[in-house]
Amino acid sequence: MPAGLPVASGPMIAVGRRWARSDAGIASVLALALAGVVVGIAVMPEKVPMNMVFLPLVLGILFLSSRVLPWFAAYVILALCAAAFFQEEFTPRIVVALAVMLSVAILVIYLTVQRGQLAVGPLRGQSMLVDLRDRILAQGEIPTLPDGWLVQSALSSAGGSPFAGDFFVATTSERGQRIELVVVDVSGKGEAAGTRALQLSGAMGGLVGALPAHRFLPAANDYLLQRSWEEGFATAVHLSVDLATGIFELRSAGHPPALQRHAGSGRWEVLGAEGPVLGVVEDVEFVGLRGRLAPGDALLLYTDGMVEEPRRDIELGIDHMMGEAESLLRRSWDGLAERLVDLVGSPDDDRALLLIHRRS
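The rules behind the values
Residues numbered from 1 in each chain as written. Predicted model: local features only at pLDDT ≥ 70, side-chain atom pairs only at ≥ 80, totals over all residues. Heavy atoms only, no water. Helix = DSSP H or I, 4+ residues; strand = E, 2+ residues; numbered from the N terminus. Phe/Tyr/Trp six-rings, centres within 6.5 Å; stacked < 30°, edge-to-face > 60°. Buried < 20%, exposed > 50% of the residue type's maximum accessible area, 1.4 Å probe, protein only. Lys NZ or Arg CZ within 6 Å of the ring centre and 35° of its normal. Contact = heavy atoms within 4.5 Å. Salt bridge = Lys/Arg side-chain N within 4 Å of Asp/Glu carboxyl O. Pairing = 2+ DSSP bridges. Axes fitted to C-alpha atoms, helices over the stretch in contact; angles between N-to-C directions. Expected span 1.5 Å × (residues − 1). Arc of directions from axis to C-beta. Patch = residues over 30% accessible without salt bridge, like charges linked within 9 Å, V, L, I, M, F, W, Y side chains within 5 Å. Areas by Shrake-Rupley, 256 points an atom, 1.4 Å probe, with all protein chains shown as cover. Core = buried A, V, L, I, M, F, W, Y, C linked by side-chain atoms within 4.5 Å. Polar contact = N/O pair within 3.5 Å; in protein donor to acceptor, adjacent residues only side chain to side chain. Parallel < 35°, antiparallel > 145°, perpendicular 65-115°, else oblique. Nonpolar A, V, L, I, M, F, W, Y, C, P; charged D, E, K, R; others polar.

Caption draft 1: Summary view of unusual backbone geometry. Its identity as a non-glycine residue notwithstanding, Glu174 has a phi of 50°, on the positive side. One non-glycine residue, Asp283, lies in the positive phi region at around 50°. With respect to the helices and strands, the residue Asp283 is situated in the loop between strand 7 (267-271) and strand 8 (289-292).

Next up, the structure:
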């Protein structure tokens, strides 16, 4: 065997694998399988059931893109006609089965043409959505912090949906000397708000680390105004903390107020940073509130799902959350965010909470 042959076979194998995973490769395999079923029906009609023709269509629905699936469904219709031709007799059962399979194949063609904008199969589309959801969660991953700082986040979506309109953005700036934390609540909840959250989280992740703290919310506001979404508004709170001194800047865009726990007194303080919601008004300013986290102090940032419930004022919800947080602190700070989200708020709304604590 020539020495160069094994070397050349590697790229050929790789090309073959890519072809096998492509629409053309999958459609070819399914078409051959379908042809084999029709041949089996022609040779042994009493042993090969006609509904075997339907199996390749089911696999095609799962794996083929919307560009190829209508043509494959039409091929299935031809195969059904051929399978019917080889039937020895048409019993009522066979007639009903034929009618059902033909109707489903025609419906697949119609629905695929109607939904052809995505151009990927359901399984691929699902994997894309899962990947995008993971990218949202990655935006909120807490970076490595110096000793003495604890940051926790917790998120629960409405009705247990894997997508939510609440999300976090977290990053460090000034060579790790400052941490930037953002909690966002996109209009809507659950899956309905998930697509907007996907887009907005990517934009905010790029803006928050690249702009000075006072310019972040105005830039996010401009971005939302340019999108022209029907429900294009969002609330957000942005916290920028100097990790050496504990001095922070807090800015809010229509978001529930942040809460600071003072270790010296053991009391919670409502921080009244205010500003308009994002995506509604042009050329707005967001006035910053400055403060300091002394050793032992903590800040809570959260979305309205934590404190708003039907027939209850938001002030009562905030008081309830502060009381529950104080009660949970008797155990430890560790896992406080998760425990508080599990205990407080409405399960019918998205809930998000972020805790930053400067250890004593």
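Caption draft 2: Region of the structure containing the packing of aromatic side chains. Using the criterion set out here, one finds 2 aromatic pairs in the structure. Centroid distance Phe72 to Tyr75: 6.2 Å. Interplanar angle 40°. Geometry classified as tilted. Taken as a pair, Phe72 and Tyr75 lie in helix 4 (residues 69-85) at a separation of 3 residues, close to a single helical turn. A relative accessible area of 4% places Phe72 in the buried class. When its relative accessible area of 30% is taken as the criterion, Tyr75 is described as partly exposed. Here the aromatic rings of Phe85 and Phe86 are separated by 5.4 Å at their centres, their planes lie at 80°, and the arrangement is edge-to-face. Under the relative-accessibility criterion, Phe85 is labelled exposed at 67%. Positioned over the ring face of Tyr223 is Arg227, at 4.4 Å from the centre of the ring.

Caption draft 3: Quick look at the environment of Leu250. Tracing the sequence through the fold places Leu250 in strand 5 (residues 247-253). Take Leu250: its relative accessible area is 1%, and that puts it in the buried class. Sequence-distant contacts of Leu250, that is, excluding residues within four places in its chain, are made with Val237, His238, Leu239, Ala258, Leu271, Ala273, Val287, Gly288, Leu289 and Leu301.

Caption draft 4: Inspection of the pattern of salt bridges at higher detail. Taken as a whole and assessed by the stated rule, the structure comprises 6 salt bridges. The salt bridge partner of Arg290 is Glu249, with a shortest N-O separation of 3.7 Å. Separated by 41 residues along the polypeptide, Arg290 in strand 8 and Glu249 in strand 5 bring together distant segments of the chain. Between Arg261 and Glu326 there is a salt bridge, with its nearest N and O atoms 2.8 Å apart. Taken together, the residues Arg261 in strand 6 (residues 258-262) and Glu326 in helix 9 (residues 314-328) connect sequence positions 65 residues apart. What you see here is one network of salt bridges that share partners, running through Glu174, Arg178 and Asp242.

Caption draft 5: Up close: the sheet that holds strand 6. With respect to topology, 5 strands assemble into an open sheet ordered 1-10-9-6-7, the strand pairing being antiparallel. One side of each edge strand has no neighbouring strand; the edge strands of this open sheet are strand 1 (149-156) and strand 7. Direction aside, neighbouring strands of the sheet carry axes that sit 15° apart on average. Looking at chain direction, strand 1 and strand 10 (residues 351-358) are connected through 8 bridges and run antiparallel. Note that in strand 10 the partner of Gln152 across the bridge is Leu355. Here helix 10 (residues 336-343) sits on the sheet in contact with strand 1, strand 9 (298-302) and strand 10, set at roughly 30° to strand 1.

Caption draft 6: Region of the structure containing the sheet that holds strand 8. Here we have 5 strands laid out as an open sheet, ordered 2-3-4-5-8, and antiparallel in their pairing. Each end of this open sheet is capped by a strand with a single partner; those strands are strand 2 (166-173) and strand 8. On average, each strand axis in the sheet is tilted by 15° relative to the strand beside it, whichever way the strands run. Both strand 5 and strand 8 contribute to a ladder of 4 bridges, which runs antiparallel. Within strand 8, the residue paired with Ile247 across the bridge is Arg292.

Caption draft 7: Representation of helix 8 (residues 213-227). The terminal C-alpha atoms of helix 8, which comprises 15 residues, lie 23 Å apart, in line with the 21 Å expected from a rise of 1.5 Å per residue. Taken together, the buried positions of helix 8 are occupied by Ala213, Phe216, Leu217, Ala220, Asn221, Tyr223 and Leu224. Viewed along the axis of helix 8, the buried residues span an arc of 160°, placing them on a single side of the element. Looking one or two places after helix 8, you find Ser228, whose phi comes out positive at around 55°.

Caption draft 8: Structural view of a nonpolar patch on the surface. Together, Met52, Leu55, Val58, Leu59, Leu62 and Phe63 line one region of the surface with nonpolar side chains, adding up to about 450 Å² of accessible area. The class of Leu62 is partly exposed, set by a relative accessible area of 33%.

Caption draft 9: Fine view of the nonpolar core. Among the nonpolar cores identified, the biggest contains 27 residues, and Ile41, Met50, Val53, Leu64 and Val76 are the most heavily contacted of them. Of all the secondary structure elements, the ones that give two or more residues to this core are helix 2 (23-43), helix 4 and helix 5 (92-114).

Caption draft 10: Molecular detail of the side chain of Glu249. There is a polar contact of 2.9 Å between the side chain of Glu249 and the side chain of Arg251. What Glu249 contacts, discounting residues up to four positions off in sequence, is Ala213, His238, Leu239, Ser240, Leu289 and Arg290.

Caption draft 11: Structural context of the packing of helix 3 (residues 54-63) against helix 4. As a packed pair, helix 3 and helix 4 sit with axes 10 Å apart at the nearest point and diverge in direction by 175°. One finds that helix 3 runs roughly antiparallel with respect to helix 4. In contact with Pro56, Leu57, Gly60 and Ile61 of helix 3, helix 4 contributes Leu69, Phe72, Ala73 and Val76. Residues of the contact of helix 3 with helix 4, tallied by class, amount to 7 nonpolar, 1 polar and no charged.

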